[in-house]
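# Report on the structure
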Amino acid sequence: MMNIILLGPPGAGKGTQAARLQAERGMIQLSTGDMLREAVAAGTPVGLEAKAVMERGELVSDAIVSALIGERLDAASTSGAIFDGFPRTQAQAEALDLLLNERGRSLDYVIELDVDEEALVERITGRFSCVKCGTGYHDRFKQPRVKGICDACGSTDFCRRPDDNEQTVRTRMAEYRAKTAPILPYYEQRRLVRHVDGMAPVDEVAAQVSVTLDGEA
Ligand code: ADP
Ligand code: AMP
């Protein structure tokens with residue numbers, strides 16, 4: 001049972017790879033972005049607080065996202081967890097260690113998806129997903145097999161995230177550089193970091209992630 005972090009800037013492919021690992025290995029994807037979007041849609045107090053921050057592309061408070069992860073962690077106790085979009089700050093990294101320690105668990109790998117930032121704007125502005133089942137697509141890199149129909153569930157309803165516009169993407173990248181990239185040394189000193197080429201096609205990235213998890217398990 002492994003606990004891994006997928007680390008990389010917005011659009012690096014974390015959600016895409018987490019969904020693959022979930023389908024192929026039965027691990028559980030824990031995406032704070034998805035949890036926050038659910039809270040916004042449901043109009044909970046957390047959602048009300050997070051909405052404007054997310055639309056600006058800034059980071060939601062450490063206390064809120066750490067609590068969300070804490071609530072979901074036990075659901076991923078037997079199958080392994082993929083942390084997607086969390087931690088994003090040093091305080092969150094320390095909170096995660098505490099949450100895992102309390103449960104007698106620890107991190108196995110931090111997989112960094114290495115990407116070229118300029119390519120990410122195209123990845124993010126072309127991203128859309130199925131409203132019904134959440135399967136992710138891309139205008140250029142991953143259209144549904146039949147145009148307008150979700151491969152996974154047959155729905156014809158798709159949506160785009162309000163924060164997936166060029167201006168907000170720039171803020172999100174700046175937040176990544178200022179607050180998230182600096183947590184890498186925290187994991188490097190524990191020899192947990194593995195690098196994967198996030199610019200390769202999706203299947204190849206998935207293969208590299210698999211080799212990392214199997215080769216050293
Ligand atoms: P993140 O979760 O890191 O923000 P996503 O997994 O949502 O990123 O990927 C962003 C967009 O780029 C999606 O539309 C996805 O289909 C596409 N994408 C993901 N990985 C790749 C890849 N290796 N090559 C091309 N496009 C990709
Ligand atoms: P994501 O779906 O990972 O791209 O996240 C979308 C937005 O949700 C981010 O731009 C932040 O505003 C917020 N968010 C998601 N995860 C976190 C986190 N771990 N810490 C702070 N804010 C987060």
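Along each chain, numbering runs from 1 in the same order as the chain's sequence is written. All chains are assigned letters beginning with A, and all ligands numbers beginning with 1, in the order in which they are written. Since the coordinates come from a predicted model, pLDDT governs what is reported: local features require at least 70, and pairs of side-chain atoms require 80 or more to be given and counted, while whole-chain, interface and lining totals use all residues. Hydrogens and waters are ignored; side-chain quantities use all the structure's heavy atoms.

A few words now on the site of ligand 2. Here a residue counts as near a molecule or strand whenever at least one of its heavy atoms sits within 4 Å of it. Around ligand 2 sit 16 residues in total, of which Thr32, Arg37, Glu58, Gly85 and Gln92 are the nearest. Polar contact is defined as a pair of N or O atoms within 3.5 Å, subject to the rule that within protein one atom must be able to donate a hydrogen and the other to accept it, and that residues adjacent in sequence are counted only when both atoms are side-chain atoms. Between ligand 2 and the protein, one listed contact pairs an oxygen atom with a side-chain N or O atom of arginine 161 at 3.0 Å. Every accessible area reported is derived by Shrake-Rupley at a probe size of 1.4 Å, with residue values counting cover from the shown protein chains alone. Taken by itself ligand 2 offers 480 Å² of open surface, and the protein chains cover 96% of this. Sorting elements by how many residues they give to the shell around ligand 2 places helix H2 (residues 32–42) first, with four residues. Taken together, the residues of the shell around ligand 2 sort by class into six nonpolar, four polar and six charged. The way it works is that DSSP assigns letters per residue, a run of H or I at least four long becomes a helix, a run of E at least two long becomes a strand, and they are numbered from the N terminus. Three classes are used, and their members are as follows: Ala, Val, Leu, Ile, Met, Phe, Trp, Tyr, Cys and Pro are nonpolar, Asp, Glu, Lys and Arg are charged, and the others, Gly among them, are polar.

What follows covers the site of ligand 1. Close to ligand 1 lie 18 residues, the nearest being Lys14, Gly15, Thr16, Arg127 and Ala200. Within the contact set of ligand 1, an oxygen atom lies 3.2 Å away from a backbone nitrogen or oxygen of alanine 12. Here a nitrogen atom of ligand 1 and a backbone polar atom of alanine 200 are 2.8 Å apart. In isolation ligand 1 offers 560 Å² of accessible surface; the protein chains occlude 90% of this area. With three residues, the top contributor of residues to the shell around ligand 1 is helix H1 (residues 14–25).

Right, let's talk about helix H4 (residues 62–73) for a bit. Here H4 is twelve residues long and its end C-alpha atoms lie 16 Å apart, about the 16 Å a rise of 1.5 Å per residue gives. We call two residues in contact when some of their heavy atoms are within 4.5 Å. Along its buried surface, H4 packs onto strand S2 (28–31), H2, helix H3 (45–56), strand S3 (81–84) and helix H5 (90–102). The span you would expect from a helix comes to 1.5 Å times its residue count less one.

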